[in-house]
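Residues per chain are reported as follows:
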Amino acid sequence: MITKEAMDAKKMTGNFDKFKKAVRFRKPCTVVMGDPGAGKTWFALSAPKPFLINADDGAAEILARKGLEYSLDVVPGESVAADANKWTEVGETLMQLRDADHDFKSLVIDSLDGIEKLYQASVCNEKNVQSMEDFDYQKGFVFARGKLQKFLNMLKQIRDKRDMEILICAHTEIKDINDPRIGNFSTHILKLHKNSNGDVREWADSLMFIAYATKKVHDRGKFGKVDSTIDQSEDRYLITQGGRGVQCKNRYHLPSEVYAEDGESLYDAYWRLIEATRS
């Protein structure tokens, strides 16, 4: 038996026009990982008209070589109060990038672990302690994670409102993982507190690792003994998918490894392949 409610529902006509949105591609939110000196900052500052939030003190040479003049310098390490003030500067600058008139096309954060020191200092300053270890039951890291989530949300607001590309440079550390599907293995992970690591991975459209092209060389020494060494070239490439000792991902169906063609920068190769998937 069909109820009156079912008959009334059957008669309803939907008006879905209010849900219709203009289709457009958004600029990516990219996190580029790698060892110190691997080329993360150079890659990120190859983006068009970048504004740099410099929390790592490793970009001065690159800024000069590229002729870039605009940056906010907030390198941590002075004191809890000073670093907390720098975190406030970061927030004020992000609001300007979102709301004020400017012609920047990309925002570069270098590095994420430097930013983490600033928002942790802000938490300590607010709670009148000198260290994250002074909190009971790891509560300080819970407060800090909230600040990171607001920071990441603001970056996406800047991306969406100003059509700016967001690029974050991040260092890594090697951690042993116990995965019940495949067992134990070691991998590079973001150099962040464990509570924050997953938030950044979920936020990013691309989480990539810059690696040197290497090969294993076998030399035959005395008495026929074979010695193996690693020969590292100056050539670099991007790892864009998980495995191979890294936790990477992307939403653009990129090949697992990205190489620059002759006369092309690694950043340009990255964008060439993104555009190829969108055409």
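The model shown is predicted, which means the values in this text are computed figures rather than measured ones. (Residues numbered from 1 in each chain as written. Predicted model: local features only at pLDDT ≥ 70, side-chain atom pairs only at ≥ 80, totals over all residues. Heavy atoms only, no water.)

Visitor: Before we go on, may I ask you to explain the overall build of the chain in this structure?
Guide: The helix and strand tally for the chain stands at 8 helices and 11 strands. Each of the 279 residues in the chain was classed as buried or not, and the buried ones make up 42%. A separation of at least 24 residues holds for 61% of the contacts in the chain among residues at least 6 apart in sequence. If you sum the accessible surface of the chain, you get close to 16500 Å²; carbon and sulfur atoms cover 49% of it. (Helix = DSSP H or I, 4+ residues; strand = E, 2+ residues; numbered from the N terminus. Buried < 20%, exposed > 50% of the residue type's maximum accessible area, 1.4 Å probe, protein only. Contact = heavy atoms within 4.5 Å. Areas by Shrake-Rupley, 256 points an atom, 1.4 Å probe, with all protein chains shown as cover.)

Visitor: Before we go on, may I ask you to explain the packing of helix 6 (residues 139-162) against helix 7 (residues 194-203) in this structure?
Guide: In a pair of packed helices, the angle between the axes and the distance between the axes together describe the arrangement. Running from N to C, helix 6 and helix 7 point in directions that differ by 15°, and their axes come no closer than 9 Å. The pairing of helix 6 with helix 7 is recorded here as roughly parallel in orientation. Crossing handedness for the pair helix 6 and helix 7: right-handed. Judged by residue contacts, Phe141, Arg145, Leu148, Gln149, Leu152, Leu155 and Lys156 of helix 6 engage Asn195, Ser196, Asp199, Val200 and Trp203 from helix 7. Tallied by class, residues from the contact of helix 6 with helix 7 come to 6 nonpolar, 3 polar and 3 charged. (Axes fitted to C-alpha atoms, helices over the stretch in contact; angles between N-to-C directions. Parallel < 35°, antiparallel > 145°, perpendicular 65-115°, else oblique. Left-handed = near helix turned anticlockwise from the far one by under 90°. Nonpolar A, V, L, I, M, F, W, Y, C, P; charged D, E, K, R; others polar.)

Visitor: Would you explain the packing of helix 4 (residues 80-99) against helix 6 in this entry?
Guide: Relative orientation of the contacting elements helix 4 and helix 6 amounts to 20°, with a least axis distance of 9 Å. Between helix 4 and helix 6, the angle falls in the class roughly parallel. Two packed elements cross with a definite hand, and for helix 4 against helix 6 that hand is left-handed. Facing helix 4, whose interface residues are Trp87, Val90, Leu94, Met95, Leu97, Arg98 and Asp99, helix 6 presents Lys147, Phe151, Met154, Leu155, Gln157, Ile158, Lys161 and Arg162.

Visitor: What exactly am I supposed to notice about the packing of aromatic side chains here?
Guide: For any pair of aromatic rings, the description rests on two quantities: the centre-to-centre distance and the angle between the ring planes. All chains considered together, the criterion is met by 9 aromatic pairs. Between the aromatic rings of Trp87 and Phe151, the centroid separation amounts to 5.7 Å while the plane-to-plane angle is 50°, which identifies the pairing as tilted. Linking Trp87 in helix 4 with Phe151 in helix 6, this pair joins segments that are 64 residues apart in sequence. Each member of the pair Trp87 and Phe151 is classed as buried. Where Tyr237 meets Tyr259, the ring centres are 4.9 Å apart and the plane angle is 20°; that geometry is what we call stacked. With Tyr237 in strand 9 (residues 226-239) and Tyr259 in the loop between strand 11 (257-258) and helix 8 (266-278), this pair connects stretches of sequence that are 22 residues apart. (Phe/Tyr/Trp six-rings, centres within 6.5 Å; stacked < 30°, edge-to-face > 60°.)

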